[in-house]
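Chain by chain, the residues:
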Amino acid sequence: MNAVPEHVSIIMDGNGRWAKARGRERVYGHVEGVESVRACTEAAVEAGVKYLSLYAFSEENWNRPEAEVNRLMELMMEAIHNEVKTLLDNGVRFVVLGNRARLSDKLNAAIDRLMEKTAGCTRMTLIVFLSYSGKWDILQAMKRAAAEKGAEGIQDMDIADFDQYLVTAGIPDPDLLIRTSGEQRISNYLLWQCAYTEFVFTNTLWPDFRKPEFRAALETYASRDRRYGKVK
Ligand code: IPE
Ligand code: IPE
Ligand code: MG
C-alpha cells in the first residue's frame, strides 16, 4: 500500500457538461465547481496531503468565448476574496502558477495579496494553475536557464537543475493526478512533472466531485504499484 500522496493534482473538467445536463448556462457549472474546490481542499487537508494543485485555466482556455473567460476570471476574484479566512484557519498556503503576464493587473494584485497573507501557512499548499500550459512552462524554463547560464553553463545542467527553472521549482512532482469528466488526456498540463505520476480517471463531472470522490481516488492510489522502472 502506498502512503497518502504528498502531492495530489486535479484536472477539474466537466463543468460545462454538468450545467448543460441541467439545462443551464456553462458558467453555472463553473460556479458549482468552486464548491468542489472547497470540498477537495478540505478533504486533502484532512487526509494529510501536503500539496494540492488544481488546473483551473489553461493557456488554450483563452480561446473560449470572451464572456466565459471573463466570468471564469471573475469567479477567481470572488473565490480569492471569499476564501481568505478559511485558508488561514486551515493553515493553507495559496500559490498561483502560470503565465501571469496574461492575467489582469487587478487579478494579479489580488493573487499577490492572498499569496502574501498565507505565505506563513505550513499545513498544506494549494496551487492553482492559471493560464498555464506544460509546453509553455518547459519553454520559459529553457529561456531563463539560457539567459542565466549561457550556452556553456547549459551543457552542465542535469534534470534537477532544470527543475529549478520550471514554475513548480521547489514543489515535488505530483504523486497522483486525477482527471474528472471521463476525458483521458493531459491537455498540456504538467508534462515534465508527470513523468512518474499515477493517473486516476473518473467519469464524475467536476461539480459532483466532492469529499467521498476525493477519498476514493486516494484509495485507488494506495493500491497502485509504483515501480519506477525497477523489477519487484
Ligand atoms: C472545466 O470544465 C473548467 C475549465 C476548463 C475552465 P469545462 O468548462 O471544460 O467543462 P466541459 O468539459 O465543457 O464539460
Ligand atoms: C483542461 O480542460 C483544462 C482545465 C481543466 C483547466 P479542457 O476542458 O480545457 O480540456 P480539453 O480541451 O477538453 O482537452
Ligand atoms: Mg472541458
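Let me begin by describing the structure that accompanies this report. (Residues numbered from 1 in each chain as written. Chains lettered and ligands numbered in written order. Predicted model: local features only at pLDDT ≥ 70, side-chain atom pairs only at ≥ 80, totals over all residues. Heavy atoms only, no water.)

### A few points about unusual backbone geometry
In step 1: A positive phi angle, near 80 degrees, is found at Ser181, a position not held by glycine.
In step 2: Note that Ser181 resides in the loop between β5 (176-179) and β6 (198-201).
In step 3: Residue classification places Ser181 among the buried positions, given a relative accessible area of 8%.
In step 4: For Ser187, which is not glycine, the phi dihedral falls at a positive 45 degrees.
In step 5: Summarising the element assignment, Ser187 is placed in the loop between β5 and β6.
In step 6: Given a relative accessible area of 27%, Ser187 falls into the partly exposed group. (Helix = DSSP H or I, 4+ residues; strand = E, 2+ residues; numbered from the N terminus. Buried < 20%, exposed > 50% of the residue type's maximum accessible area, 1.4 Å probe, protein only.)

### Focus on the site of ligand 1
In step 1: The environment of ligand 1 is made up of Met12, Asp13, Gly14, Asn15, Gly16, Arg17, Arg26, His30, Ala56, Asn61, Arg64 and Leu72.
In step 2: At a separation of 3.1 Å, an oxygen atom of ligand 1 approaches a polar backbone atom of Asn15.
In step 3: In the model, an oxygen atom of ligand 1 is placed 2.9 Å from a nitrogen or oxygen of the Gly16 main chain.
In step 4: Out of a free accessible area of 380 Å², ligand 1 has 87% covered by protein chains.
In step 5: A majority-of-atoms criterion places ligand 1 in the largest pocket. (Near = heavy atom within 4 Å. Polar contact = N/O pair within 3.5 Å; in protein donor to acceptor, adjacent residues only side chain to side chain. Areas by Shrake-Rupley, 256 points an atom, 1.4 Å probe, with all protein chains shown as cover. 1 Å grid on protein atoms, 1.4 Å probe; cavity = no way out; pocket = protein on both sides within 12 Å on 5 of 7 lines; lining within 4 Å. Sits in = over half its atoms within 2 Å of the grid points.)

### Some words on the packing of helix α2 (residues 26-47) against helix α7 (residues 211-222)
The description of two packed helices rests on the angle between their axes and on the distance between the axes.
In step 1: Between α2 and α7, the least distance of the axes is 9 Å, while the angle of their chain directions is 45 degrees. When the axes of α2 and α7 are compared, the pair comes out oblique. Here the hand of the crossing between α2 and α7 comes out right-handed. Counting all contacts with α2, which are made through Ala39, Cys40, Glu42, Ala43, Ala44, Glu46 and Ala47, the residues of α7 involved are Lys211, Phe214, Arg215 and Leu218. (Axes fitted to C-alpha atoms, helices over the stretch in contact; angles between N-to-C directions. Parallel < 35°, antiparallel > 145°, perpendicular 65-115°, else oblique. Left-handed = near helix turned anticlockwise from the far one by under 90°. Contact = heavy atoms within 4.5 Å.)

### Topic: the nonpolar core
In step 1: In this structure, Val8, Ile10, Leu52, Phe94, Leu130 and Phe214 are the most contacted members of the largest nonpolar core, which totals 39 residues.
In step 2: The leading source of residues in this core is helix α3 (residues 66-89), at seven residues.
In step 3: Discounting residues that sit within four places of it in the chain, Ile10 has contacts with Cys40, Leu52, Ser53, Leu54, Tyr55, Leu177, Ile178, Tyr189, Trp206 and Phe214.
In step 4: Core analysis: the second largest hydrophobic core is formed by 14 residues, Ile11, Val95, Leu97 and Cys194 among them. (Core = buried A, V, L, I, M, F, W, Y, C linked by side-chain atoms within 4.5 Å.)

### With respect to the sheet that holds strand β1 (residues 7-11)
In step 1: Within the open sheet, the six strands sit side by side as β3-β4-β2-β1-β5-β6. Their pairing is parallel. Among the strands making up the open sheet, the edge pair consists of β3 (92-97) and β6. For this sheet, the mean inter-axis angle between neighbouring strands, taken without regard to orientation, is 20 degrees.
In step 2: Sheet analysis places β3 next to strand β4 (residues 124-132), joined by six bridges and oriented parallel. Note that in β4 the partner of Arg93 across the bridge is Thr125.
In step 3: Lying over the sheet, α3 contacts β2 (51-58), β3 and β4, oriented at roughly 160 degrees with respect to β3. (Pairing = 2+ DSSP bridges.)

Remember that the coordinates give geometry; whether it matters functionally is a separate question.
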